[in-house]
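Descriptive structure summary
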Amino acid sequence: MHIISNGFEEVQHIKLRASGISSYFEVLVFAENVGVKKPHPYISKKYFSLAGAKAKNFMLIRDDVYGAQRIKMDHVYFKQNQLVHQKYVQYEIKCLSEFFAIL
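As the structure is a computational prediction, the values presented were derived from the model and not from experiment. (Residues numbered from 1 in each chain as written. Predicted model: local features only at pLDDT ≥ 70, side-chain atom pairs only at ≥ 80, totals over all residues. Heavy atoms only, no water.)

Attention now moves to the sheet that holds strand β4 (residues 74–78). Strand order in the open sheet formed by three strands is β3-β4-β5, with parallel pairing between adjacent strands. Of all the strands in the sheet, the pair left with one neighbour each is β3 (59–62) and β5 (91–93). Across the sheet, the mean angle separating the axes of adjacent strands is 20 degrees when strand polarity is ignored. Here β4 runs beside β5; their pairing, made up of three bridges, is parallel. Within the sheet, the bridge partner assigned to Val76 lies in β5 and is Tyr91. (Pairing = 2+ DSSP bridges. Helix = DSSP H or I, 4+ residues; strand = E, 2+ residues; numbered from the N terminus. Axes fitted to C-alpha atoms, helices over the stretch in contact; angles between N-to-C directions.)

Set out below in structure tokens:
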């Protein structure tokens with residue numbers, strides 16, 4: 001798994017260590033190091049370069065899928081509340097366990 005974050009790198013590392021999940025992530029990209037924030041396409045390009053990957057091989061799960069849509073990346077809208085929306089999304093889930101049905 002990988003992370004692209006607008007959060008400050010130092011703070012995000014503290015959160016990952018404190019939660020005990022830092023070992024699950026291979027690539028971490030922080031906006032402060034790249035010079036632009038999500039959903040700017042450049043941060044995604046930088047990520048794919050660092051990860052040695054292509055957008056077609058990944059799926060974004062997030063409560064804001066605009067960045068993924070801009071680079072034509074497969075995406076899942078993680079709808080954490082019951083608000084009605086008019087967004088076009090490829091997939092929509094309310095609970096992370098629903099993601100397995102998409103795979």
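Next up on the list: the nonpolar core. Nonpolar side chains tend to gather and get buried jointly when the protein is soluble and globular. Formed by Val27, Val29, Ala31, Val34, Ile43, Tyr47, Phe48, Ala53, Ala55, Ala68 and Met73, the largest nonpolar core amounts to eleven residues. Within the residue set of this core, elements represented by two or more residues are β2 (27–30), α2 (31–34) and α3 (41–51). Among the elements that make up this core, the one with the highest residue count is α3 (three residues). If near-sequence neighbours (up to four positions away) are discounted, Phe48 is found in contact with Ala53, Lys54, Ala55, Phe58, Ile71 and Met73. (Core = buried A, V, L, I, M, F, W, Y, C linked by side-chain atoms within 4.5 Å. Buried < 20%, exposed > 50% of the residue type's maximum accessible area, 1.4 Å probe, protein only. Contact = heavy atoms within 4.5 Å.)

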